[in-house]
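What the coordinates show
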Amino acid sequence: MHFTVICYNPVICALLQRVADVGIVESITLKNFMCHSLLGPFTFGSNVNFVVGSNGSGKSAVLTALIVALGGNAQATNRGSSLKGFVKEGESSADVSITLCNKGRDAFKPEAYGTAINVDLRITREGLRTYKLRSKSGNIISTKKEELMCILDNLNIQVNNPVSILTQEMSKYFLHSKGEGDKYRFFMKATQLEQMREDFVYIKSTKHITEDKMSQQGEIAFFPCYLEKMDRYKSLASLDEMHSKLEELQKQMAWALVRPKLQSDRQSTGKYDEKVEEWKNKVEEAEQKYKQIQDQLEGITQRIQELQPQCTQLKTEVQKRNSLLKSSEVRTHPLQLLLRMEQIRAELENMQHQISTLGQQINQYEQASSRAKDELNKMRYGKRGLGAVRIIMESSRSNCLRRFGEHMPALLSSIQEAHRKGQFKQRPRGPLGYCISLKDPELALAVEVCLKSFLHSFTCDNYDDEKVLQGLMARVLKGGRRPTIITSAFLSNVHDTTSRAVNHPEYPSVLQALEIEDPVVANCLIDQRGIESILLIKNRTEARRVMQRGNPPRNCNQAFSVEGDQIFTNRTYTADQPRAKFLSSDIEEEIRCVCAHTWFNGSQGAEGCPSILLFKMNFKQNMIKGYILTPWLQVFTYSKTSAKVLHVFQWPTPDVRLPLFFSVVLQEELSKSDQEGVRCKHHKKHYEDKRKVHLKSIETLEASLNVKEQELAVCQRGEICPERTEVRRTAKSLDSEISRLKTKITTQQGQQGDREEIVRQYHEALTNYKDMKHQVKNLNNFIKTLDNIISMRLKAYADLRRFLSARCKYYFDSMLAQRGYTGSMTFDHKNETLSITVQPGAGNKADLSDMRSLSGGERSFSTVCFVLSLWAITEAPFRCLDEFDVYMDMVNRRISMDMMLKVAASQRNRQFIFLTPQSMSTLPETDLIRILRLKDPDRSHGAGQRNGEEEQD
């Protein structure tokens, strides 16, 4: 194959050396396409390209492949009705590969595709079409047809535009047709004015449809429904008045029931305080007297210990004198004997009295011993409990969950396993105390007292999960106390507490003092305990000042001190636990405290019990101390179970008698003082218990008052407002009126329906009506704007159509003038016709005639002039003509060729592809003209062959 170029005028020979613009076809390759096994690869030049070959050589196949590969349908090629007809007989698929230039500032994604875009198309026997869009280096960038459409839009390639690609059938239909309407449609399609007109028609039709729907389903359609709901809503006005009156009566009823009882109980509290204070003073006096007697006994005891050796000697002397007395009784005078007997009788009576006193003391000591044994047993039980606590605390060193119970780790493991098996819809959270941590460890006791039982609680998302969790607790916590389960829907975000949370500049709330990572746990404590409205103030005095000086912080209903005291605006409660058990950060310190407490209780056994020590001390003092003035003293020793006298001794020495005598007297005083102290303590305990019961009753009433206050007045935000109300009516009259009003409300609600449902329907209808009204307003504004835009666009469309028509006329006259022809183009846009008249020869010598009266060559030449004039007024990166000169004679063919080459010379940035059966051997050699000569088909074998050898001159 070779190229030859003929230059007919110096304009063509002086072509500028300018490279074609983006979007031209660089090469094309066909495989198993139509009746050809392989065509190409064909490499096209940047300006003028002639594809030359006889009929059947593959010229039309190249043009058809170009249309199909660039997204055109089968009907646009006029070569078949479906894509599967383009696959060669006996093959499973056909392949087309096209390379497009991607250079310049209008290049499409040059960073991905580079300077060339390869479009690979495969058509299967079933008619399926698949694309592979490759870069210049061969990498696949995309396989979507949408990407190809974006490429064609960016490169301004229009395969369905007859100006870009004009096939033989399209030329016959539009150009060679004798109808003026066909030529006008060709003009409109080539200039894309037809597409613009279709877009305007579609916009108008859509606008009319929208207006019809607005009139049928717009604001008017919703208005009757809205009026109906509004009438029902207004009828609830009387019902609202009755509800307001009922709420006011409920306020008065609550204060009528609670306030008198609470005031009387608060007044009687002072009486109990006076009684407790009175008996407290008596107990202090008795204890002081008891201490004085004990001091005296200590002195006497010391004296008796000093006289103990002398007692032993005197005992021996008494025995000797008794023996002498018996031996001398025979010689004694009878009168002296009688005196002696009277003396002994008196001493015997005195000893019996002392025996009676000692018996009472022994009973007291036995009672003290019994009480001591009871205290010892209590201490032993306490020691066992402390030992269990110590074991739990020591085990929590490795697992903090054991603080909340010995079986808590096993329970959490069971929950995890059940959640893994899908038994829970949402994994339960708990224990809540394990899910939180403190920012300030000093506030551990305060937070623990505030949350109390919530520390052991669990929370579930739904009741089905709650049932599953209860089953797990029953299996793991056998016989033990089960934690509380709180059921509430889980949320992924923490509640917004801005409007109801306390915000103090110096002291944090419980919510601010805690670090809670799980929003479910935070929401549960907010809902159940209200931790956002509770302050934590370390100093107890400062807490009372903040809460009880008449101006507590906004949204704050209580506060806790670091000692665990709970401070309200009108009362304070002291914590009943000294240390934090569950939230303490120092586990070792907790273990040391428990161990110290265990050791202290264990060291106080039977010998260390306070009651037993007091018993022993009193017994020793009573047996040793004292001065006895009588000449004779009988000393008795008792066992712990009987009052039997074991030994009797006589002490004649005065140094021994006086201490023993005072010992007996002080023993009696001590016994009386002890009894008086026990009695005072008993009375004190009795009144303290009554006061505790009374204070507890007051607390219950105050709690009930708070509940009643919360149930009374409904604030605008829907919560209860505990404002005090002056009540002048009795509770009975209020109750009867409340019952009557409730009955009336129930009757009216039964007639009107559910009030909440009516309000909900009204608000829903109002919202829908407002939304529809807003939408209708926006649509009306949009339609008005659209009408203005369409009017402007239609005016611009008419101007553009007139401008393109004038340019087309000008270029058509210029083309005809090159051969000496004259003619005219008449556009009738109203009737959509285009009339073309041509007169061969001088315009002033002959009349213009219609193209139908011209010869075949003249008509073909006029058609070429029409096409070239359309080329001049439209933009496309490449233009293709199939057998444009088929009906021309040699003279018209030469003139047409000169005209096309002249146009190509003026549009060096465009690519031209001409398909012709002529040999074109007379064309001159040039770098801008390339001829692709196809081999003649091999008719004998009926099979395609490889074509596409090319060379550039």
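Going by the annotation in an unreviewed UniProt entry, the name recorded for the chain is Structural maintenance of chromosomes protein 6, with Myripristis murdjan given as the source organism.

1. A few points about the overall build of the chain
Secondary structure summary: the chain contains 24 helices and 24 strands in total. Across the 953 residues of the chain, 42% fall into the buried class. Here the analysis covers contacts within the chain between residues at least 6 apart in sequence; of these, 73% occur between residues at least 24 apart. Only carbon and sulfur atoms are counted for the fraction: they give 51% of the accessible area of the chain, which is about 52,800 Å².

2. Observations concerning the sheet that holds strand β24 (residues 929-933)
Hydrogen bonds between backbone groups are what pair the strands of a sheet, and the pairing can be parallel or antiparallel. Taken together, five strands build an open sheet; the order of strands is β8-β22-β23-β3-β24 and the sheet is parallel. Strand pairing shows two members of the sheet lacking a second neighbour, β8 (165-166) and β24, which therefore form its edges. Relative to strand β23 (residues 911-916), strand β22 (residues 878-882) is paired through five bridges, and the arrangement is parallel. Counted as the bridge partner of Phe878 is Gln911 from β23. This element, helix α2 (residues 59-69), spans β3 (48-52), β8, β22 and β23 of the sheet and lies at about 140° to β22.

3. Some thoughts on the pattern of salt bridges
Taken as a whole and judged by the stated rule, the model has 21 salt bridges. As a salt-bridge pair, Glu532 and Arg500 come within 3.3 Å of each other at their nearest N and O atoms. With Glu532 in the loop between α16 (519-529) and β13 (534-536) and Arg500 in the loop between β11 (485-487) and α15 (510-513), this pair connects stretches of sequence that are 32 residues apart. When its relative accessible area of 29% is taken as the criterion, Arg500 is described as partly exposed. Salt bridges linked by common partners bring Lys245, Glu737 and Arg740 together as one network.

4. Things to note about the packing of aromatic side chains
For the structure on display, the rule yields 13 aromatic pairs. Plain terms: the ring middles of Phe108 and Tyr113 are 5.9 Å apart, the flat faces sit at 40° to each other, and that makes the pair tilted. Taking relative accessible area as the criterion, Tyr113 reaches 1% and is therefore assigned buried. Relative to Phe914, the ring of Phe912 has its centre 6.3 Å away and its plane inclined at 10°; by these criteria the two rings are stacked. Given the relative accessible area of 0%, Phe914 is considered buried. Three or more aromatic residues joined by ring pairs make a cluster, and in this case those are Phe50, Trp871, Phe912 and Phe914.

5. Here's the deal with the pairing of β23
With respect to burial, β23 is a largely interior element, six of its six residues being buried. Residues Gln911, Ile913 and Leu915 of β23 are buried on one face, and the alternating residues Phe912, Phe914 and Thr916, pointing to the opposite face, are buried as well. Judged from the five bridges that link them, β3 and β23 form a sheet pairing that is parallel. Looking at β23, one finds that Phe50 is bridged to Phe914.

6. Digging into the packing of helix α12 (residues 408-420) against helix α14 (residues 463-476)
Here α12 crosses α14 at 140°, and the two axes come no closer than 10 Å. In terms of their interaxial angle, α12 and α14 are classed as oblique. For the pair α12 and α14, the sense of crossing is right-handed. Residue-level contacts link Ala410, Leu411, Ser414, Ile415 and Ala418 of α12 to Leu469, Leu472, Met473, Arg475 and Val476 of α14.

7. What about the sheet that holds β13?
Sheet architecture is open: four strands sit in the order β13-β14-β15-β16, paired in mixed fashion. In this open sheet, the two edge strands, each paired with only one partner strand, are β13 and β16 (572-573). Pairing geometry for strand β14 (residues 558-560) and strand β15 (residues 566-567), over two bridges, is antiparallel. In the strand pairing of β15, Ala559 is matched with Ile567.

8. Focus: the environment of Arg807
Following the sequence through the fold, Arg807 ends up in helix α22 (residues 755-817). C-alpha separation for the pair Arg807 and Leu870, spaced 63 residues apart in sequence, amounts to 8.9 Å. Not counting residues within four places of it along the chain, the set of residues in contact with Arg807 comprises Ala872 and Ile873.

9. Some details on the side chain of Gln911
Note on placement: Gln911 falls in strand β23. By relative accessible area, Gln911 is classed as buried at 0%. Polar contacts involving the side chain of Gln911 include one to the main-chain carbonyl oxygen of Gly45, which spans 2.7 Å. Once you skip the residues sitting within four places of it in the chain, Gln911 turns out to touch Ile24, Val25, Phe44, Gly45, Ser46, Asn47, Asn49, Pro877, Phe878 and Arg879.

10. What to know about unusual backbone geometry
Cis geometry marks the peptide bond from Gly40 to Pro41; its omega dihedral reads 5°. The residue Pro41 is located in strand β2 (residues 36-43) in this model. Gly430 connects to Pro431 through a cis peptide bond whose omega is -10°. Mapped onto the elements of the fold, Pro431 is located in the loop between α12 and β9 (437-438). For Asn32, which is not a glycine, the phi torsion comes out positive at approximately 55°. For Asn32, a relative accessible area of 11% corresponds to the buried category. Its identity as a non-glycine residue notwithstanding, Gln192 has a phi of 65°, on the positive side. Position of Gln192 relative to the elements: it lies in the loop between α7 (180-190) and α8 (193-217).

11. Details of the pairing of β22
Counted residue by residue, β22 has five buried out of five residues, so it is predominantly covered. Every second residue of β22 is oriented toward a common face, with Phe878, Cys880 and Asp882 on one face and Arg879 and Leu881 on the other, all of them buried. With two bridges joining them, β8 and β22 adopt parallel strand pairing. Bridge pairing links Leu166 to Leu881 in β22.

12. So, the nonpolar core
Grouped together as the largest cluster of nonpolar side chains are 48 residues, with contacts concentrated most on Phe50, Phe187, Phe866, Leu870 and Trp871. Counting residues per element, this core draws most heavily on helix α23 (residues 856-873), which supplies nine residues. Residues in contact with Phe187, not counting those within four places in the same chain, are Leu193, Leu804, Ser805, Cys808, Phe827, Leu834, Leu870 and Ile873. By size, the runner-up hydrophobic cluster in this structure holds 47 residues, among which are Phe42, Val87, Ile117 and Phe878.

13. Here we look at α7
For α7, the set of buried residues is Asp182, Lys183, Tyr184, Phe186, Phe187, Met188 and Ala190. Gln192, located one to two residues past α7, shows a positive phi value of around 65°.

14. A short note on the state of the cysteines
This structure, assessed with the given rule, holds zero disulfides. Free of any disulfide, Cys460 has its nearest cysteine sulfur in Cys524, 10.0 Å distant. By relative accessible area, which is 0% here, Cys460 ends up buried.

15. Overview of the confidence of the model for the chain
In this model, the chain carries a mean pLDDT of 75, and residues with pLDDT of at least 70 account for 72%. Segment residues 1-19: pLDDT under 50, and 58 contacts once partners within four positions in sequence are set aside and those in other chains are kept. This stretch, residues 941-953, has a pLDDT under 50; its non-local contacts, to residues over four places away or in other chains, come to 48 contacts.

16. Re the side chain of Asp565
One can find Asp565 in the loop between β14 and β15. With relative accessibility at 2%, the residue Asp565 sits in the buried group. A distance of 2.5 Å separates the side chain of Asp565 from the side chain of Arg540, its partner in a polar contact. Side-chain polar atoms of Asp565 contact the backbone nitrogen of Ala575, separated by 3.4 Å. Sequence-distant contacts of Asp565, defined by excluding residues within four places in its chain, comprise Arg540, Ala559, Phe560, Tyr573, Thr574 and Ala575.

Conventions we followed
- Residues numbered from 1 in each chain as written.
- Predicted model: local features only at pLDDT ≥ 70, side-chain atom pairs only at ≥ 80, totals over all residues.
- Heavy atoms only, no water.
- Helix = DSSP H or I, 4+ residues; strand = E, 2+ residues; numbered from the N terminus.
- Buried < 20%, exposed > 50% of the residue type's maximum accessible area, 1.4 Å probe, protein only.
- Contact = heavy atoms within 4.5 Å.
- Areas by Shrake-Rupley, 256 points an atom, 1.4 Å probe, with all protein chains shown as cover.
- Pairing = 2+ DSSP bridges.
- Axes fitted to C-alpha atoms, helices over the stretch in contact; angles between N-to-C directions.
- Salt bridge = Lys/Arg side-chain N within 4 Å of Asp/Glu carboxyl O.
- Phe/Tyr/Trp six-rings, centres within 6.5 Å; stacked < 30°, edge-to-face > 60°.
- Parallel < 35°, antiparallel > 145°, perpendicular 65-115°, else oblique.
- Left-handed = near helix turned anticlockwise from the far one by under 90°.
- Polar contact = N/O pair within 3.5 Å; in protein donor to acceptor, adjacent residues only side chain to side chain.
- Core = buried A, V, L, I, M, F, W, Y, C linked by side-chain atoms within 4.5 Å.
- Disulfide = S-S within 2.5 Å.
- pLDDT = per-residue confidence, 0-100.

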